[in-house]
Amino acid sequence: MKAAALRLAALLQGLSGDSIAIILAVGLVLGTFPVYGCPTVFCLLAALVLRLNAPALQLVNQLLSPLQLALLIPFARLGARILGSPAG
């Protein structure tokens, strides 16, 4: 984890505060998307569209993978509640 934090700090070196905030916010939102594998593609597209540092955004995305897996069941239950079907 320390190595990942050092890599992230190196990638964010020289970026403006606004850019760092956008990278962290977009990485957090897209990194918890409940379909495994899609956040990588979405983060790449967001980096291209918003002209962000793609490696930094992907690193934030990968750091959030455990959170994505932890939220998978609650998101499935929420979706079942919204759609009115069992979460089987």
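Heads up: the structure comes first, above all this text.
The text that follows walks through the structure, step by step, so that each part is easy to find. Since the model is a prediction, treat every value here as computed from it, not as a measurement. As a convention, each chain's residues are numbered from 1 in the sequence order in which they are written. Since the coordinates come from a predicted model, pLDDT governs what is reported: local features require at least 70, and pairs of side-chain atoms require 80 or more to be given and counted, while whole-chain, interface and lining totals use all residues. Water and hydrogen atoms play no part in the side-chain values, which are based on all heavy atoms of the structure.

## Regarding the overall build of the protein
Line of reasoning, step 1. For the protein, the helix and strand inventory stands at six helices and zero strands.
Line of reasoning, step 2. Starting at the N terminus, helices and strands are each numbered in turn, a helix being any DSSP run of H or I of at least four residues and a strand any DSSP run of E of at least two. Traced from its N-terminal end to its C-terminal end, the protein shows the element sequence α-α-α-α-α-α.
Line of reasoning, step 3. The principal-axis extents of the C-alpha atoms in the protein amount to approximately 50 × 30 × 20 Å.
Line of reasoning, step 4. Whether two residues are in contact is decided by their heavy atoms, any of which lying within 4.5 Å being enough. Put simply, 63% of the contacts in the protein that link residues at least 6 apart link residues at least 24 apart.
Line of reasoning, step 5. Within the structure as shown, the protein displays about 5,900 Å² of accessible surface, and the carbon and sulfur contribution to it stands at 72%. Values of accessible area rely on a 1.4 Å probe in the Shrake-Rupley scheme; residue burial ignores everything except the protein chains shown.

## Digging into the packing of aromatic side chains
Line of reasoning, step 1. The aromatic pairing rule takes the rings of Phe, Tyr and Trp, using the six-membered ring of Trp, and pairs them if the centres are within 6.5 Å, calling planes under 30 degrees apart stacked, those over 60 edge-to-face and the rest tilted. Within this structure, the stated rule accounts for one aromatic pair.
Line of reasoning, step 2. Ring centres of Phe 33 and Phe 42 lie 5.1 Å apart, and the angle between their planes is 85°; on these two criteria the pair is classed as edge-to-face.
Line of reasoning, step 3. For Phe 33, a relative accessible area of 31% puts it in the partly exposed group. Residue burial is assigned from relative accessible area. The probe radius is 1.4 Å, only protein chains are included, and a residue is buried under 20% of its type maximum, exposed over 50%, and partly exposed in between.

## Some points on the nonpolar core
Line of reasoning, step 1. Nonpolar cores were defined as sets of buried Ala, Val, Leu, Ile, Met, Phe, Trp, Tyr and Cys residues, with membership established by side-chain atoms within 4.5 Å. Formed by 14 residues in total, the largest nonpolar core has its most connected members in Leu 8, Ile 23 and Leu 57.
Line of reasoning, step 2. Contributing elements (two or more residues each) for this core: helix H1 (2-12), helix H2 (17-31), helix H3 (38-50) and helix H4 (54-63).
Line of reasoning, step 3. Among the elements that take part in this core, H4 stands out by supplying four residues, more than any other.
Line of reasoning, step 4. Every residue in contact with Ile 23, bar those within four places of it in the chain, is listed here: Leu 12, Leu 15, Leu 52, Asn 53, Ala 56, Leu 57 and Val 60.

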